[in-house]
Amino acid sequence: MRTVFKTSYDADINYFRHGAQATWYMLLLAIALILPFLMGTFWIGEMTNMLIWAIAGMGLMILVGQTGQASLGHAAFLAIGCYANVLLQLKLGLPFLLSFPLAGVIAGLAGALIAMPMTKLHGIYLAIGTLAISILTDDLIVIAEPLTNGVVGLFAPTIDILGLQFDRYATPDRFYWMVLFVAVAVVLVYRNILRSPLGRAFAAVRDSEVSAQAMGVNVARTKALSFGISTAITGLAGALMGHFAGIFNNETFNIIISIQLLLMIVIGGLGSIHGAFFGAIVVALLPQAIAISRDLISGFVGGGTVAIPGLESAIFGAMLIGFILFEPMGIYGRWLKIRTYFELFPFYRKDMFRRQKSYLKTERMR
Amino acid sequence: MSLLEIDNVTLRFGGVVAVNQVSFSVEEGEVFALVGPNGAGKSTVFNLISRIYEPVEGDIRFDGDSLLRHPPHDIAKLGIARTFQNIELFEQATVLQNLLVGRHRHRKSNFISELLFTPSVREGERRHRAAVEKVIDFLDLQAYRDKYIAGLPYGVRKVVEMGRALAIEPRLLLLDEPASGLSVEETQDVAFWIEDIKKQMGVTVLMVEHDMHLVSAVSDRVLALADGKVLSLGTAQEVQNDPKVIEAYIGGSDEPEREVA
Ligand SMILES: Nc1ncnc2c1ncn2[C@@H]1O[C@H](COP(=O)(O)OP(=O)(O)OP(=O)(O)O)[C@@H](O)[C@H]1O
Ligand SMILES: [Mg+2]
């Protein structure tokens, strides 16, 4: 195991804890950057999709993993970001460079405003409340037909940044790089949250509202802020999804997407940026993995391929149950264990990550 | 003027009068102990000061300013810090992060500058860290700095919670049973710390405690409560010898007279 000798407080404040860690992430970024030279168009599209899901996942993670508030309505903010971005371009003629950040701001403000009356709700009630937002948004898109074109949907125009075209089909590599840029920016902002008073206020609200309050944290305001930042990032992901899909309508961002997003970050591992990315890898690549294994199996057994409807959701659901039962910390938790195993080899103990039982809180506040 | 004035405060939970027309005041610089049998209303007094509960009558003033005009999250900003009887730490965070939350009152940056982590935010983080390190040194928590609360033994959690309250740099520190569940040695540490908090840091301490050895050792004045009412006020010696207090412990409570010498 690596022992880090910290020589200044900055060692705990900086992005990376030690040089080797920085090297690994730089290497990862370098690989991500040259990916278009290594992969074909199809797989670059899949990677782009994965990154967009990761951005959306990070948005939800700030709320669920960092602040401990459930949301089953985040597809609504994907929709708000997506529609705002495209409508600002189509109706007001704004360039993408303006409409994109504005879409984030609009989704963020919407999230913070909606959160205000909801900050008093907890657990299942909050989940139901946010679920209602998702349903409502679906209906609102249909009702606001003159603007949104209802169930027919809208086309996302090709992105033009200072004369450069970014299109999923015409220039997939460039589109990928743009999404990668946004993803990296969101990671940096996320890290900034974690290392500043804001992130600690989120964690305080997540772990104990009474004592957060006793520390001077305005719980309602902090929750609303978390909602706002979370939905702003989700809105940005929605805007990218719109451009990636090319055409979208009220159905594009239905409740299933909300649920899928939540399951994704649970499977990935709640409370970490890694978790959002691991979850996104599962969500984005699962359909391909299923297709490939189906081909393999039918090649083996012979006979034609049978498409099984709902197979994807079933596997996804089974994975979720598996993780909740055997690895509540998600893929990231498993990854930490495997890493520690190799770092400490042969001294790893099975109970190393077992948490001490918390004390009963039946007597809270007394 | 006293630092904290509890002025004729009453609070009911349904039929139970948890705090019944209680008045007392805590002077700046003293260690003031609240004692009394289980269910006497001691923690409820703390929760009233923290503004978790709204009294049905009476007033609570801190430095002459009525706390009832302030929302709960203002209390720390006014300079009142507290611990909880059943430890309310941030479980999924490290000791260091827990203590840093105590610095929230001293936060100068807004959320936008924090999202961008501007140089002034970094400067603030360094300052908060330096302040927290002083607390870590004071309470000897160095070995636990980067440990998650969820894995810490009970005794250490108690100390961390006290540290988090100290990180606030309060004028008044409320300690709810700081020694409950601690070993004799650990309780001795707590006694030393309370002495230092009072003498070196100049912080006023209001504490609830059942351990009368600790109470006698550190408190300047003691107030005995039973069934939400004030029974007796004086030095530890005087209160322990008050017939009304002895009666309350022997008669009214399911807990026998514990360590009342
Ligand atoms: N939230 C609540 N709801 C209803 N009743 C409560 C609540 N909090 C406290 N009580 C009641 O108020 C009374 C005083 O409780 P309190 O917790 O203040 O006692 P205490 O003096 O701190 O006792 P202990 O020494 O056991 O901590 C008790 O009868 C208790 O049952
Ligand atoms: Mg109590």
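All residue numbers refer to position in the chain's written sequence, counted from 1. In the order they appear in the text, chains get letters beginning with A and ligands get numbers beginning with 1. Confidence filtering applies because this is a predicted model: local features only for residues at pLDDT of at least 70, side-chain atom pairs given and counted only at 80 or more, and all residues used for totals across whole chains, interfaces and linings. Working from all heavy atoms in the structure, the side-chain values ignore hydrogens and water.

- As annotated in an unreviewed UniProt entry, chain B carries the name ABC transporter ATP-binding protein and is attributed to Aquibium carbonis.

- As annotated in an unreviewed UniProt entry, chain A is Branched-chain amino acid ABC transporter permease from Aquibium carbonis.
- UniProt positions are given in the numbering used here, feature names are shortened, and annotations may be inferred rather than shown by experiment. According to its UniProt record, chain A has this under Subcellular location (unreviewed entry): "Cell membrane".

### Here's the deal with the overall build of chain B
Step number 1: Numbering of helices and strands starts at the N terminus; helices are DSSP runs of H or I of at least 4 residues and strands are runs of E of at least 2. Scanning chain B from terminus to terminus reveals 10 helices and 10 strands.
Step number 2: The globule rule used for comparison is 2.2 Å times the number of residues to the exponent 0.38, while the radius of gyration itself is calculated over C-alpha atoms. Computed over the C-alpha atoms, the radius of gyration of chain B is 19 Å, within 12% of the 18 Å expected from 2.2 N^0.38 for a compact globule of 261 residues.
Step number 3: Based on the C-alpha atoms only, the size of chain B along its principal axes is roughly 60 × 40 × 35 Å.
Step number 4: Under the scheme applied here, a residue whose accessible area is under 20% of the maximum for its type counts as buried, over 50% as exposed, and between as partly exposed, the area being computed with a 1.4 Å probe on protein chains only. Across the 261 residues of chain B, 59% fall into the buried class.
Step number 5: With the model as given, the accessible surface of chain B reaches about 10400 Å², and the carbon-plus-sulfur share is 51%.
Step number 6: In this charge count, Lys and Arg are treated as positive and Asp and Glu as negative; neither His nor the chain ends contribute. Charged side chains are reduced to one point each, which is NZ for Lys, CZ for Arg, CG for Asp and CD for Glu. Treating the 28 positive side-chain charges of chain B as one cloud and the 40 negative ones as another, the clouds have centres 8 Å apart. Using a 1.4 Å probe, accessible areas were evaluated by the Shrake-Rupley method; residue-level cover was limited to the displayed protein chains.

### Brief notes about the coordination of the magnesium ion (ligand 2)
Residue and element names in this part refer to chain B.
Step number 1: Protein coordination at the magnesium ion (ligand 2) comes from Ser 43 (OG) and Gln 85 (OE1), with a distance range of 1.9 to 2.0 Å. Of this pair, Ser 43 sits in helix 1 (residues 42-49) while Gln 85 sits in the loop between strand 6 (80-82) and helix 3 (95-101), and the two are 42 residues apart along the sequence. Gln 85 matches Ser 43 in its accessibility class, with the two residues each being buried. Any N, O or S atom lying within 2.8 Å of the metal counts as a donor, and for Na, K and Ca the limit rises to 3.2 Å; water is left out, so some sites can look incomplete.

### Notes on the UniProt feature "transmembrane region" (unreviewed entry) in chain A
All names here are of chain A.
Step number 1: Here the UniProt-annotated "transmembrane region" (unreviewed entry) positions come out as residues 24-44, 50-65, 96-116, 123-144, 175-193, 225-249, 261-286 and 306-326.
Step number 2: Secondary structure across residues 96-116 divides into 100% helix and 0% strand, with the first and last C-alpha atoms of the span separated by 30 Å.
Step number 3: As annotated, residues 225-249 comprises 84% helix and 8% strand, and the C-alpha atoms at either end are separated by 29 Å.

### Structural notes on the sheet that holds strand 6 of chain B
Residue and element names in this part refer to chain B.
Step number 1: With mixed pairing, the 6 strands of this open sheet are ordered in space as 6-7-8-3-9-10. Each of the sheet's edge strands pairs with one partner strand only, and the pair in question is strand 6 and strand 10 (229-234). In this sheet, neighbouring strand axes are inclined to one another by 20° on average, regardless of whether the strands run parallel or antiparallel.
Step number 2: By definition, two strands form a pair when at least two bridges between them are found by DSSP. By the bridge criterion, 4 bridges tie strand 3 (residues 31-35) to strand 9 (residues 221-226) in an arrangement that is parallel. Paired with Phe 32 across the two strands is Arg 221, which belongs to strand 9. Fitted lines through C-alpha atoms give the axes, limited to the stretch in contact for helices. The angle between two N-to-C directions lies from 0 to 180 degrees.

### Structural notes on unusual backbone geometry
Step number 1: Its identity as a non-glycine residue notwithstanding, A:Asn149 has a phi of 65°, on the positive side.
Step number 2: By secondary structure assignment, the location of A:Asn149 is in the loop between helix 7 (145-148) and strand 1 (154-155).
Step number 3: Here B:Gln21, not a glycine, exhibits a phi torsion of approximately 45°, which is positive.

### Side note on the site of ligand 1
Step number 1: Lining the immediate surroundings of ligand 1 are 15 residues, of which B:Asn38, B:Lys42, B:Ser43, B:Thr44 and B:Gln85 lie closest.
Step number 2: One heavy atom suffices: a residue is near a molecule or strand as soon as one of its heavy atoms comes within 4 Å of it. Nearby residues around ligand 1 are contributed by chains A and B.
Step number 3: The term polar contact refers here to a pair of N or O atoms within 3.5 Å; inside protein, the definition further demands a hydrogen-donor-capable atom paired with an acceptor-capable atom, and it admits residues adjacent in sequence only when both atoms are side-chain atoms. Within the side chain of B:Asn38, one N or O atom sits 2.7 Å away from an oxygen atom of ligand 1.
Step number 4: Contact distances for ligand 1 include 2.9 Å between an oxygen atom and a side-chain N or O atom of B:His210.
Step number 5: Look at ligand 1: alone it shows 640 Å² of surface, and the protein chains cover 73% of it.
Step number 6: Going through the elements one at a time, strand 2 (16-26) and helix 1 of chain B are the ones with two or more residues in the shell around ligand 1.

### Description of helix 14 (residues 311-326) of chain A
Residue and element names in this part refer to chain A.
Step number 1: The first and last C-alpha atoms of helix 14 sit 22 Å apart over 16 residues, in line with the 22 Å expected at 1.5 Å per residue.
Step number 2: Among the residues of helix 14, Phe 316, Leu 320 and Phe 323 are the ones counted as buried. In an axial view of helix 14, the angular spread of the buried residues amounts to 70°, which keeps them on one side of the axis. Exposed side of helix 14, more than 90 degrees from the buried face: Ile 321, Leu 325 and Phe 326 are the residues found there. Each residue after the first adds 1.5 Å to the expected span of a helix. Throughout, the arc means that of the directions going from the helix axis to the C-beta atoms.

### Re the packing of helix 5 (residues 119-139) of chain B against helix 6 (residues 154-167) of chain B
Axes are the key here: two packed helices are described by the angle between their axes and the distance separating the axes.
All names here are of chain B.
Step number 1: Running from amino to carboxyl end, helix 5 crosses helix 6 at an angle of 140°, the nearest separation of the two axes being 10 Å. By the criterion of interaxial angle, the relationship of helix 5 to helix 6 is oblique. Of the two elements, helix 5 crosses helix 6, and the hand of that crossing is right-handed. Contacts from Val 132, Val 135, Phe 138 and Leu 139 in helix 5 reach Val 159, Met 162, Gly 163, Leu 166 and Ala 167 in helix 6. Just so you know how the angles are binned, under 35 degrees is roughly parallel, over 145 roughly antiparallel, 65 to 115 roughly perpendicular, and the rest oblique. Two helices cross in a left-handed way if the nearer one is turned anticlockwise from the farther one by less than a right angle. They cross in a right-handed way if the turn is clockwise. Contacts are assigned to residue pairs with any non-hydrogen atoms lying within 4.5 Å of each other.

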